[in-house]
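Chain residues, written in single-letter form:
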Amino acid sequence: WKGHRPSYAGDRLPQSIAKLKARKPVTLLLLGDSISEGYNASGYTNSSPFMPPYGQLVTLALESAYRTPVRFVNQSVAGKNTVWGIEQATKAAAEKPDLMIVAFGMNDASSGMAPDVFAGNVRRIMDTVRAENPACEFILVAGMTGNPEWTHSAPELYPQYRDALGALAGKGIVLADVTSLWTDVLARKRFIDMTGNGVNHPNDFGHRLYATVISGVLIE
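Residues numbered from 1 in each chain as written. Predicted model: local features only at pLDDT ≥ 70, side-chain atom pairs only at ≥ 80, totals over all residues. Heavy atoms only, no water.

Caption draft 1: Region of interest: the sheet that holds strand 2 (residues 70–74). Here five strands make up an open sheet; going across it, the order is 2-1-3-4-5 and the pairing parallel. Of all strands in the sheet, those bounded by a partner on one side alone are strand 2 and strand 5 (173–177). The mean angle between the axes of side-by-side strands here comes to 20°, regardless of whether they run parallel or antiparallel. Of the strand pairs in this sheet, strand 3 (residues 99–103) and strand 4 (residues 137–142) are connected by four bridges, and their pairing is parallel. Directly across from Met-100, in strand 4, lies its bridge partner Phe-138. Relative to the sheet, helix 6 (residues 115–132) contacts strand 1 (26–32), strand 3, strand 4 and strand 5, its axis offset from that of strand 4 by approximately 160°. (Pairing = 2+ DSSP bridges. Helix = DSSP H or I, 4+ residues; strand = E, 2+ residues; numbered from the N terminus. Axes fitted to C-alpha atoms, helices over the stretch in contact; angles between N-to-C directions. Contact = heavy atoms within 4.5 Å.)

Caption draft 2: Just the pattern of salt bridges, in detail. A full pass over the atoms with the stated rule returns four salt bridges. The closest approach of N and O atoms between Arg-162 and Asp-163, which form a salt bridge, is 3.1 Å. Between Arg-190 and Asp-193 there is a salt bridge, and its shortest N-O distance comes to 2.9 Å. On the basis of relative accessibility, which here comes to 56%, the residue Arg-190 falls in the exposed class. We classify Asp-193 as partly exposed; its relative accessible area is 28%. (Salt bridge = Lys/Arg side-chain N within 4 Å of Asp/Glu carboxyl O. Buried < 20%, exposed > 50% of the residue type's maximum accessible area, 1.4 Å probe, protein only.)

Caption draft 3: Local environment of the packing of aromatic side chains. Applying the stated criterion across every chain, the model contains five aromatic pairs. Measuring from centroid to centroid gives 6.3 Å for Trp-84 and Phe-104, while their planes differ by 70°, and the two rings are edge-to-face. With Trp-84 in helix 4 (residues 82–94) and Phe-104 in the loop between strand 3 and helix 5 (106–110), this pair connects stretches of sequence that are 20 residues apart. Since its relative accessible area comes to 6%, Phe-104 is described here as buried. Looking at Lys-189, its charged tip hangs above the ring of Phe-205, at a distance of 4.9 Å from the centre. (Phe/Tyr/Trp six-rings, centres within 6.5 Å; stacked < 30°, edge-to-face > 60°. Lys NZ or Arg CZ within 6 Å of the ring centre and 35° of its normal.)

Caption draft 4: Spatial organisation of helix 8 (residues 178–186). Regarding helix 8, the residues found buried are Val-178, Thr-179, Ser-180, Leu-181, Trp-182 and Val-185. Where helix 8 is buried, its residues meet strand 4, helix 7 (157–166), strand 5 and helix 9 (204–218). Looking at where helix 8 begins, the residue whose side-chain oxygen comes 3.3 Å from the main-chain nitrogen of Thr-179 is Asp-177. (Polar contact = N/O pair within 3.5 Å; in protein donor to acceptor, adjacent residues only side chain to side chain.)

Caption draft 5: Examining unusual backbone geometry more closely. Omega for the bond connecting Ser-48 with Pro-49 falls within 30 degrees of zero, at 5°, which places this linkage in the cis form. Within the element layout of this structure, Pro-49 appears in the loop between helix 2 (34–37) and helix 3 (54–66). One non-glycine residue, Asn-46, lies in positive phi territory at about 60°. With respect to the helices and strands, Asn-46 occurs in the loop between helix 2 and helix 3. Among the residues examined, Asn-46 registers a relative accessible area of 61% and is labelled exposed. One non-glycine residue, Lys-96, adopts positive backbone phi at about 55°.

Caption draft 6: Region of the structure containing the packing of helix 3 against helix 9. One can describe the packing of helix 3 onto helix 9 by two numbers: an axis separation of 9 Å at closest approach and a directional angle of 40°. Crossing hand, helix 3 versus helix 9: right-handed. Across the interface between the two elements, Tyr-54, Leu-57, Val-58, Ala-61, Leu-62 and Tyr-66 of helix 3 pack against His-207, Arg-208, Tyr-210, Ala-211, Ile-214, Ser-215 and Leu-218 of helix 9. When its residues are assigned to classes, the contact of helix 3 with helix 9 shows 10 nonpolar, two polar and one charged. (Left-handed = near helix turned anticlockwise from the far one by under 90°. Nonpolar A, V, L, I, M, F, W, Y, C, P; charged D, E, K, R; others polar.)

Caption draft 7: Structural detail: the side chain of His-201. Secondary-structure assignment places His-201 in the loop between helix 8 and helix 9. Discounting residues that sit within four places of it in the chain, His-201 has contacts with Ser-34, Ile-35, Tyr-39, Asn-40, Met-144, Met-194, Thr-195 and Gly-196.

Caption draft 8: Main features of the nonpolar core. If you look at the biggest cluster of nonpolar residues, it comprises 69 residues, and the most contacted ones within it are Met-100, Phe-138, Ile-139, Leu-140, Val-141, Ile-214 and Leu-218. For Ile-139, the residues in contact, after removing those within four places along its chain, are Leu-13, Leu-99, Met-100, Ile-101, Val-102, Val-174, Ala-176, Ile-214 and Leu-218. (Core = buried A, V, L, I, M, F, W, Y, C linked by side-chain atoms within 4.5 Å.)

See the structure below:
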C-alpha cells in the first residue's frame, strides 16, 4: 500500500497516552454527525455481521492495545454541524473527557460553509471544553468525501476542511486525516463499495477506514 498512512502522534497527546500506558481508566468522547453516530455500520443498523461503528472500534482497539478500561461517550447526532457542536460543547465538557474526538464536516460542506468558518467553529468547541476541563486533548477528524454525483456534495471543500483542521493541530490537538486515505482508496475502489447509502455514510469497510486512521494516531 503506497497511499496515505496514519502516523502515531502520541507525543502530541501526552496526557492521554500517559494515562493509557499507566493503565488508568480513560474517558473518550465523540462529538460529530450521523457518520459518528454510527450510520450505516451493520452493528448500528442491527444487521449481519453486526460490526460496531468506528467510535466503538477505536475504543476496543485502545482497550486491547493498552490493557485498560476506556469509557466511551458518543454525543453525535445525525444532521448536525459545527454550529450545533458549539452549542453541545458544554454538555460534552460535563463528561470530563480525557480525550475528545471532534468529527464534523459533511453537513458543514453541504451548506457551503467556508473553511475558515468551519475551523473557527471547531476551535470554539475546543475552547468551550477546555474552559471546563483544561486537561482535555483532542483528535480532529477530517472525514470521508461525499459522492460527487450527490446534489449536496462539495468536492472542493473536503480537502480544504482537512487543511484548515491541520492548521489547528499542536500540543494536545492532532489531525486524523481520513480524507486522504479515503481519497487514495477511491482511486482503486468504487464509491458504492465504501458506503452504506451510496451518498454520505460509510459502510463497515468505511467505518474500518475511520478506525484505522484514528487508532493509528493513538497506537504506536
